[in-house]
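Chain by chain, the residues run as shown.
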Amino acid sequence: MPYTGLRVGHGYDVHRLTEGRALILGGVQIPYEKGLLGHSDADVIVHAIMDSLLGAAGLWDIGHAFPDDDPETEGISSLVLLERVRDMLREKGYQVVNLDGTIIAQRPKLSPYIPAMREQIARVLEIDPDQINLKATTEEKLGFTGAGEGIAAHAVSLIEKR
C-alpha cells in the first residue's frame, strides 16, 4: 500500500539575466536593469517551488507539466502556473504544510521584497504566509550568480495527504 502521509520535495531552477525583460521573483516585479530569460516570466523561485511541490506529490517536474515549447505558456506568469500546480496537488488529495526557499543572486538586494513574495505565493497556494520562508543570499561573487550572469533558486516543500 502506498504511503499517504507527509511527503518532501526539492526544487531547483536557474535563469540567465538579460536586458529587455522585467525581473519577476516570487510574483513581484523587482526594479533592476535586467530580467530573467525564459519561456514564461522566468520566476526562478516560483519555478523551484513548483518543482518541489510536484516532486513531493510524485508528479515529475515543471518541464513535464509545462513544456517550454508550449505556445500557451509563452510569457505566462509563473503564478498562473503555480495555481495549476496547486490544483494538481488538490486532485491528488495533498495540501501544502510549508515551503522553504532560497534565491541566489549577487544583485539586486532582495530582502526588501521578501514579504511581498511570501504574500503572493501564499495567496496563490491559499495558505498562510507563515507557512512560507524565503531568503536571499549571494555567492560572494563566485560562479555565474556571483558574476551577475543569472539567478538561481532552491526550494523544499512539505505536503500532507488531506
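See the structure shown above.
Caption draft 1: Layout of the packing of helix H1 (residues 44-56) against helix H3 (residues 78-91). In contact at an axis separation of 10 Å, H1 and H3 are set at 10° when each is read in the N-to-C sense. The orientation of H1 with respect to H3, classified from their angle, is roughly parallel. Residue-level inspection shows Val-46, His-47, Ile-49, Met-50, Leu-53 and Leu-54 of H1 in contact with H3, the latter providing Ser-78, Leu-79, Leu-81, Leu-82, Val-85, Met-88 and Leu-89. A class-by-class count of the residues in the contact of H1 with H3 yields eleven nonpolar, two polar and no charged.

Caption draft 2: Up close: the pattern of salt bridges. Under the defined criterion, the tally for this structure stands at seven salt bridges. Here Arg-107 ties to Glu-33 by a salt bridge, and the two come within 3.0 Å at their closest N and O atoms. Residue Arg-107 is located in the loop between strand E5 (94-104) and helix H4 (114-125), and its partner Glu-33 is located in the loop between strand E3 (28-30) and strand E4 (35-36); the two are separated by 74 residues in the primary sequence. Residues Lys-135 and Asp-100 are paired through a salt bridge, measuring 2.7 Å at the closest nitrogen-oxygen approach. Residue Lys-135 is found in strand E6 (residues 132-137), and its partner Asp-100 is found in strand E5; the two are separated by 35 residues along the sequence. By relative accessible area, which is 32% here, Lys-135 ends up partly exposed. Here the salt bridges do not stand alone but share partners, grouping Arg-86, Asp-87, Arg-90 and Glu-126 into one network.

Caption draft 3: Structural view of the packing of aromatic side chains. Tallying each qualifying case throughout the model produces zero aromatic pairs. Taking the ring centre of Tyr-94 as reference, the NZ or CZ of Lys-161 above it sits at 4.5 Å.

Caption draft 4: Representation of the sheet that holds E5 in the model. Read across the sheet, five strands follow the order E4-E1-E7-E5-E6 without closing on themselves; strand pairing throughout is mixed. The strands lining the two open edges of the sheet, one partner per strand, are E4 and E6. Sheet analysis places E5 next to strand E7 (residues 150-161), joined by ten bridges and oriented antiparallel. Across the sheet, Asp-100 pairs through a bridge with Val-156, a residue of E7.

Caption draft 5: Up close: H1. Its 13 residues give H1 an end-to-end C-alpha distance of 18 Å, which sits within 8% of 18 Å, the value for a rise of 1.5 Å per residue. With respect to burial, H1 is a largely interior element, twelve of its 13 residues being buried. For H1, the set of buried residues is Val-44, Ile-45, Val-46, His-47, Ala-48, Ile-49, Met-50, Asp-51, Ser-52, Leu-53, Leu-54 and Ala-56. Trailing H1 by a residue or two, Gly-58 shows a phi angle of about 70°, which is positive.

Here is what the cut-offs are and how they apply
- Position numbers for residues count from 1 along each chain, tracking the sequence in the order it is written.
- Note on the predicted model: pLDDT of at least 70 is required for a residue's local features to be given, and 80 or more for side-chain atom pairs to be given and counted; whole-chain, interface and lining totals, by contrast, use all residues.
- Side-chain numbers here rest on the full set of heavy atoms in the structure, without hydrogens or water.
- Inter-axis angles, ranging from 0 to 180 degrees, are taken between N-to-C directions of lines fitted to C-alpha atoms, where helices are fitted over the stretch in contact.
- Starting at the N terminus, helices and strands are each numbered in turn, a helix being any DSSP run of H or I of at least four residues and a strand any DSSP run of E of at least two.
- Roughly parallel means an angle under 35 degrees; roughly antiparallel means over 145; roughly perpendicular covers 65 to 115; every other angle is labelled oblique.
- Whether two residues touch is decided by their heavy atoms; if any such pair falls within 4.5 Å, the residues are in contact.
- Each residue is assigned to one of three groups, with Ala, Val, Leu, Ile, Met, Phe, Trp, Tyr, Cys and Pro labelled nonpolar, Asp, Glu, Lys and Arg labelled charged, and all others, Gly among them, labelled polar.
- Take a side-chain nitrogen of Lys or Arg and a carboxyl oxygen of Asp or Glu: if they are within 4 Å of each other, that pair is a salt bridge.
- Each residue's exposure class comes from its accessible area (1.4 Å probe, protein chains only) as a fraction of the maximum for that residue type: buried when under 20%, exposed when over 50%, partly exposed otherwise.
- Paired rings are identified among Phe, Tyr and Trp, the last through its six-membered ring, by centres lying within 6.5 Å, and are further divided according to the angle between planes into stacked (under 30 degrees), edge-to-face (over 60) and tilted (the rest).
- Counting as a charge over the ring demands two things of the Lys NZ or Arg CZ atom: a distance within 6 Å of the ring centre and an angle within 35 degrees of the ring normal.
- Here, strands pair whenever DSSP counts at least two bridges between them.
- An expected span of 1.5 Å times one less than the residue number is assigned to each helix.

Fair warning: the whole summary comes from geometry, so function is off the table for now.
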